[in-house]
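Listed below are the residues making up each chain.
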Amino acid sequence: MQNRRNHFILVLLILAALAGVAAIGVPGSPVQKKLTKGLDLQGGLEVVLKAVPPKGHKLTGEELNRSVSIIRNRIDKLGVSEPIVTKQGSNQISIQLAGIHDPNRAVQIIGKTAQLQLFDLEADLTGPSIDAQGTPVASSRLYDLLSGLGKQARKGNPTAFYLFNQKKLVRAGPSDTRGALLKPHGGKLPKGWKILAVPEGTTVINCGVTQVVCPGVQEAPPTRTYYYLFRYKPNDKVHPVPEMTGADLKLSGTRQDFDPNSGEAIVLLSFTGKGGSKFHAITRDEAQRGQIRGTFQHFAIVLDNEIQSFPYIDYKQNPDGIDPINGAQITGIKSAGEAKDLALVLQTGALPVKFVIAERTDVSATLGKDSLKQAQRAAIVGLLVVALFLLLLYRFLGLVAVIGLAIYVAFLYAALLIFGVTLTLPGFAGMILTIGVAADANIVVFERIKEEVRAGKSVRAAISAGYAKGFRTILDANVVTCITALVLFAVATAGVKGFALMLLIGTVLSLVTAVAATRAMLGLLAGFRWFDNPSFMGAQGQQSAKWLQIDFMRRRYLWFAMSGAILVIGAVALGTRGLNFGIDFKGGTQVTFKTPQPVSLQVVRDEASAIGRSDAIIQGRGKSVGDKYSSFQMRMKSLGLLEQNRLSDDLQTKFRARSLGITTVSSSFGRQIARSAILAVIVSLLLIVLYITIRFDLKYALPVIVALIHDIAITVGVYALTAREVTTSTVAAVLTVLGYSIYDTIIIFDRIRENTPLMRRASFATIANVSLWETIRRSLATSFITLLPVTALLLFGGATLKDFAFALLIGIASGAYSSIFIAAPLLTIWKEREPEFHRRIGVEGFGKEGPEGPEDDGKPVRRGPRRPFGGPAVDTGTLALEEATEAAAAQPTPSLGDLSPQPAGSAQSKRERRRQRRSTRPHGRAR
């Protein structure tokens with residue numbers, strides 16, 4: 001009665017929680033919370049910035065925190081709603097801006113280091129960048145500027161190095177060392193390429209197409225980027241160059257304004273006391289030099305090595321220079337918007353170190369909507385097929401499980417709302433996968449309940465025992481899944497973190513709903529007479545499917561040979577074809593888009609060639625009409641900001657492209673992702689070994705690791721055979737397989753551990769066989785029910801979800817195989833080396849007196865031919881299997897829904913084993 005009261009209270013609490021879920025999810029409710037969707041579901045911009053500190057300087061946590069604060073301030077001034085700015089790893093900052101209308105402008109602002117430098121232009125220009133009359137000379141190509149320096153550039157310690165290709169175009173740099181430039185090329189200089197140095201004490205500064213005018217250039221505005229060589233001695237305490245920096249600015253007084261006379265946009269500068277004195281001294285020198293030469297001298301304002309403006313000093317009007325008691329101003333700015341952006345960067349201060357864009361992803365709003373529809377469709381289909389499977393297999397218990405799944409979905413939705421979790425496309429994949437995980441927990445418990453009913457217990461007692469015995473198995477399997485999810489969350493990039501978080505939340509909630517919600521419902525129903533009927537839950541009758549009761553352990557080397565053959569084929573494919581790594585690992589730019597009407601592949605290739613990317617790989621996706629497609633993917637080497645903007649504009653103008661998505665990843669960021677993936681796999685394996693060793697034994701952990709490595713190797717081999725693209729989603733799927741494929745293995749090992757003390761005189765091979773017979777259908781059912789939502793993901797998900805689902809499909813199928821045919825046989829081999837089990841090799845698992853063997857003389861019966869009373873010799877190994885099968889067949893026949901054979905599970909068998917244990921308690925034992 002007390003138990004029913006507790007179950008009733010628990011049901012009331014669950015109903016109250018569901019009411020709370022309805023309250024926060026219903027539109028118009030005073031406590032309503034809205035679901036936060038990621039950029040890939042609503043469109044926007046994601047940028048990952050990587051810190052590049054100066055040579056010899058180690059980035060500190062304080063500098064990274066300060067950079068996060070500065071970037072967040074810049075974004076706030078842009079007016080972007082709910083930006084997400086977070087640290088990622090030890091040297092990266094991830095920025096997510098949802099629904100932004102001008103992503104290019106945002107990128108230019110948030111990533112600027114804002115290292116403001118003020119040069120005395122004519123005095124600081126050097127080498128070929130200034131002529132004999134003191135007039136600036138612009139170089140249209142950096143190669144020409146540096147190559148003209150000759151031996152001068154190789155003297156002393158060069159400031160920086162640049163890498164040029166055969167066409168004399170910059171391919172890398174500036175870099176502190178030559179080795180850093182050559183590292184992506186295996187340490188060797190490609191044929192026809194060249195490295196040029198920037199001489200010691202100098203630096204390269206450019207003036208680009210974003211400016212109104214450049215020094216020494218007649219065209220205005222400029223149509224290309226120009227380069228200049230400046231003197232550079234920042235550490236000279238007497239005559240430093242540049243003469244001033246952003247540290248001399250007073251940020252509070254720096255702002256955008258308009259010139260009252262001309263009406264043009266300007267930026268007003270306010271200096272500190274020390275900075276004002278410097279500015280006055282420099283402008284006085286320029287005014288005096290202008291009087292001598294008879295020409296105006298200029299003050300170059302340089303932001304992040306790019307000339308923003310170079311106002312002149314009117315020596316006639318200001319013969320003593322400019323006293324900035326009322327500040328100074330930057331003129332010659334192209335527009336009010338540009339002036340506002342420049343002022344914004346200066347107001348928020350300089351970033352402590354330089355940052356480069358490691359990854360950039362642009363997702364159009366239409367692509368986000370398409371992805372959301374595809375993910376929702378996959379989730380609904382996955383939930384429906386799982387529910388249908390449970391109803392067909394478990395009848396009324398299946399209905400209880402479906403109700404439990406509905407509660408699980410409601411609680412998962414509430415968790416997303418309450419904790420403000422951002423739902424991403426990989427997160428959707430994790431949510432769909434956890435539908436199968438939640439159903440698995442119900443299968444484990446329900447099968448235990450059916451076993452207890454067949455053993456003669458009442459339905460109420462069977463429910464109590466089923467949950468008590470099944471909980472340990474569920475806990476072990478879910479803990480391992482959580483371990484891999486935590487590792488994945490710790491080392492993954494932002495997108496995959498969403499998947500790991502959803503997998504973690506879903507796994508914990510599935511444990512709650514399977515153990516608490518369904519337990520409470522069944523506990524209440526168990527008190528009714530109509531429910532106390534074994535046939536009502538499919539637990540009556542005799543166990544069938546004798547075809548599953550084969551001697552798995554005897555055929556162990558056959559299973560090993562089959563796996564070996566598959567692994568060899570995969571290894572050959574990997575060695576000959578390799579893996580098709582995506583831009584996540586190799587770096588580059590990937591563009592996806594759709595067109596209203598089918599377009600020829602050649603036309604798209606021509607468009608890529610127009611921006612100098614004839615090497616781009618263009619692929620049509622989906623259905624084709626001849627060589628025309630409506631969906632495309634372009635992969636190429638990393639595009640610069642201007643190239644990317646031009647390509648995006650051209651695609652929308654010429655093809656009316658929609659669902660446009662652009663991702664750019666640097667090669668160094670790709671290598672970091674690869675290292676993180678390898679680290680995640682290693683750490684996950686070590687933690688799994690530790691947990692299995694604690695919960696079971698080290699000999700149980702070793703087969704698990706071999707089976708997991710087997711699953712990973714098969715998945716990698718299949719990817720090599722099919723040439724499918726390997727992305728970060730693939731890595732996430734492989735790590736998920738690590739956690740999930742162990743589910744079936746734990747079910748089998750848990751039963752082996754349970755049967756070992758019951759079958760005290762049987763060989764370990766017999767114990768393993770019987771345990772497999774008792775759990776094989778349950779293992780197959782858990783794998784199959786997980787494959788149902790994964791298949792829905794593969795059929796109905798978008799491109800990203802399909803790639804993810806394919807890896808899961810291969811991994812889970814391989815995991816189901818390895819649990820039965822690899823892990824259990826390996827455990828048998830290692831356990832049979834223990835003295836206790838080594839003595840039992842060949843012992844009959846089932847003798848004439850019961851499942852633990854003959855008891856006539858207390859001695860174990862060895863394998864080998866025996867002659868029963870004048871009959872022909874009989875192989876005892878075959879006889880043991882036949883007797884085990886006969887014992888299993890003697891049990892009541894179950895219904896179609898039964899998944900757990902119990903060859904020794906009846907009350908009569910238990911009484912027989914107790915009688916045998918009492919009869920084998922001698923004071924001594926013959927050896």
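Refer to the structure printed above.
A quick note: this is a predicted structure, and the numbers were derived from the prediction, not measured. The written sequence of each chain sets the order in which its residues are numbered from 1. With pLDDT at 70 or above as the cut-off, local features in this predicted model cover only qualifying residues; side-chain atom pairs require 80 or more to be listed or tallied, and sums for whole chains, interfaces and linings still use all residues. Based on all heavy atoms of the structure, the side-chain values leave hydrogens and waters out of the count.

Draft legend 1. The arrangement of the overall build of the chain in detail. Helices and strands together make up the secondary structure of the chain, namely 26 helices and 27 strands. Here the chain holds 927 residues, and 54% of them are scored as buried. Surface exposure of the chain reaches about 40,900 Å², of which carbon and sulfur atoms provide 58%. In this text, helices come from DSSP runs of H or I with a minimum length of four residues, and strands from runs of E with a minimum of two, each type numbered from the N-terminal end. Only protein chains enter the accessibility calculation, which uses a 1.4 Å probe; a residue is then buried when its area is under 20% of its type maximum, exposed when over 50%, and partly exposed in between. Here the Shrake-Rupley method, with its probe set to 1.4 Å, supplies the accessible areas, and only the displayed protein chains count as covering residues.

Draft legend 2. Layout of the state of the cysteines. Any two cysteine sulfur atoms within 2.5 Å of one another count as a disulfide. For the structure shown, the criterion picks out one disulfide. The residue that forms a disulfide with C207 is C214, at a sulfur-sulfur distance of 2.1 Å. Taking the torsion about the sulfur-sulfur bond, which here is approximately -85 degrees, the covalent link between C207 and C214 counts as left-handed.

Draft legend 3. Just helix α12 (residues 459–491), in detail. One fewer than the residue count of a helix, multiplied by 1.5 Å, yields its expected span. Over its 33 residues, α12 extends 47 Å from the first C-alpha to the last, a length consistent with the 48 Å expected when each residue adds 1.5 Å. Working definition for bend: take the seven residues up to and ending at a residue and the seven starting at it, fit an axis to each, and measure the angle between the axes. At G470, α12 shows its largest bend, some 30 degrees.

Draft legend 4. View of the sheet that holds strand β23 (residues 628–636). Ordered by their spatial adjacency, eight strands build an open sheet running β3-β4-β2-β18-β24-β21-β23-β22, and the pairing between neighbours is antiparallel. At either end of the open sheet lies a strand with only one pairing partner, and these are β3 (84–88) and β22 (617–625). Pairs of neighbouring strands in the sheet enclose a mean axial angle of 20 degrees, with direction left out of account. By the convention used here, residues are in contact when the closest approach between their heavy atoms is within 4.5 Å. Here the axes come from fitting lines to C-alpha atoms, over the contacting stretch only for helices, and the angles between their N-to-C directions go from 0 to 180 degrees. Along the sheet face, helix α4 (residues 103–110) touches β2 (44–52), β4 (92–98) and β18 (354–363) and points at about 20 degrees away from the line of β2. Of the strands in this sheet, β21 (588–600), β22 and β23 are in contact with helix α16 (residues 601–610), which crosses β21 at around 140 degrees. Pairing between two strands is assigned when DSSP locates at least 2 bridges connecting them.

Draft legend 5. Representation of the packing of aromatic side chains. We call Phe, Tyr and Trp rings a pair once their centres come within 6.5 Å, taking the six-membered ring for Trp, and we label the pair stacked below 30 degrees between planes, edge-to-face above 60, and tilted otherwise. Tallied over the full model, the rule gives 16 aromatic pairs. Ring plane angle 80 degrees and centroid distance 5.0 Å describe the contact between F764 and F837, whose orientation is recorded as edge-to-face. Placement of F764 in helix α22 (residues 764–796) and of F837 in helix α24 (residues 835–838) is noted, with a sequence separation of 73 residues between them. In this structure F837 comes out as buried when scored by relative accessible area, which is 6%. Taken together, the ring pairs in this structure connect F552, W559, Y817 and F821 into an aromatic cluster. Here, a charge over a ring is recorded when the distance from Lys NZ or Arg CZ to the ring centre is within 6 Å and its angle to the ring normal is within 35 degrees. Taking the ring centre of F806 as reference, the NZ or CZ of R724 above it sits at 4.2 Å.

Draft legend 6. Quick look at the environment of K316. Topologically, K316 is positioned in the loop between β16 (312–313) and β17 (328–330). For K316, a relative accessible area of 65% translates into the label exposed.

Draft legend 7. Geometry of the pairing of strand β5 (residues 116–120). In terms of burial, β5 is largely enclosed, as five of its five residues are buried. Of the two faces of β5, both are covered, the one formed by L116, L118 and D120 as well as the one formed by Q117 and F119. Alignment of β5 against strand β14 (residues 297–303), held across five bridges, turns out to be antiparallel. Residue Q117 lies in a different strand from β14, and its bridge partner there is V302. In this sheet, strand β11 (residues 244–245) lies alongside β5 in antiparallel orientation, the contact comprising two bridges. In the strand pairing of β11, Q117 is matched with T245.

Draft legend 8. Representation of the sheet that holds β17 within the structure. Taken in spatial order, the three strands line up as β12-β13-β17 in an open sheet, and their pairing is antiparallel. Of all strands in the sheet, those with a lone pairing partner are β12 (255–258) and β17, marking the two edges. Strand-to-strand twist in this sheet, taken as the mean axis angle between neighbours without regard to direction, amounts to 40 degrees. As defined by bridge partners, β12 adjoins strand β13 (residues 265–269) across four bridges and the pair is classed as antiparallel. Across the sheet, residue R255 finds its bridge partner in β13, namely L268.

Draft legend 9. Up close: the pairing of β14. With seven of seven residues buried, β14 is to be regarded as a mostly interior element. Both faces of β14 are covered, namely the face carrying Q297, F299, I301 and L303 and the face carrying H298, A300 and V302. Sheet topology note: the β14/strand β15 (residues 306–309) ladder contains three bridges and is antiparallel. Looking across to β15, one finds that I301 is bridged to S309.

Draft legend 10. Structural context of the packing of α12 against helix α21 (residues 742–755). Orientation of α12 relative to α21, taken along the N-to-C sense of each, is 145 degrees, at an axis distance of 9 Å. Regarding α12 and α21, the two cross each other, and that crossing is right-handed. On the side of α12, the interface is formed by R472, T473, I474, D476, A477, N478 and V480, while α21 contributes I742, Y743, I746, I747, D750 and R753. Side-chain classes are defined by residue name, with Ala, Val, Leu, Ile, Met, Phe, Trp, Tyr, Cys and Pro counting as nonpolar, Asp, Glu, Lys and Arg as charged, and the others, Gly among them, as polar. Here the contact of α12 with α21 is built from residues that sort into seven nonpolar, two polar and four charged. In this scheme the handedness of a crossing depends on how the near helix is turned from the far one: anticlockwise by less than a right angle means left-handed, clockwise means right-handed.

Draft legend 11. View of α22. Under the 1.5 Å per step criterion, the end-to-end length of α22 is 45 Å for 33 residues, consistent within 8% with the ideal 48 Å. Within α22, the axis deviates most sharply at T775, by approximately 50 degrees. Along α22, 27 of the 33 residues are buried, which leaves the element largely enclosed by surrounding structure.

Draft legend 12. Layout of unusual backbone geometry. With an omega of 5 degrees, the peptide bond between G173 and P174 qualifies as cis. Residue position: P174 is located in strand β7 (residues 170–175). Following V241, the chain continues to P242 via a peptide bond in cis, the omega torsion being 10 degrees. With phi around 65 degrees, K168 is a residue other than glycine that occupies positive phi space. K168 sits in the partly exposed class, given a relative accessible area of 35%.

Draft legend 13. How the structure looks around the packing of helix α11 (residues 425–454) against α22. Running from amino to carboxyl end, α11 crosses α22 at an angle of 160 degrees, the nearest separation of the two axes being 9 Å. Looking at the two axes, α11 sits roughly antiparallel to α22. Note that α11 runs across α22; the crossing there is right-handed. Across from A429, I432, L433, G436, A439, D440, I443, V444, E447, R448 and E451 in α11, the residues of α22 making contact are E774, R778, A781, T782, I785, T786, P789, V790 and L793. Of the residues contributing to the contact of α11 with α22, the split by class is 11 nonpolar, three polar and six charged. For this classification, under 35 degrees means roughly parallel, over 145 means roughly antiparallel, 65 to 115 means roughly perpendicular, and everything else is oblique.

Draft legend 14. Structural context of the pattern of salt bridges. Every case where a carboxyl oxygen of Asp or Glu lies within 4 Å of a side-chain nitrogen of Lys or Arg is listed as a salt bridge. Inspection of the entire model under this criterion finds 16 salt bridges. A salt bridge links K278 to D248, with the shortest nitrogen-to-oxygen separation between them at 3.5 Å. Here K278 is found in helix α8 (residues 273–293), whereas its partner D248 is found in the loop between β11 and β12, with 30 residues between them in sequence. E452 is the salt-bridge partner of K457, the closest N and O atoms lying 3.0 Å from each other. With a relative accessible area of 33%, K457 lands in the partly exposed category. The exposure class assigned to E452 is buried, which follows from its relative accessible area of 4%. Linked through salt bridges whose partners overlap, the residues forming this network are R448, R751, E754 and E774.

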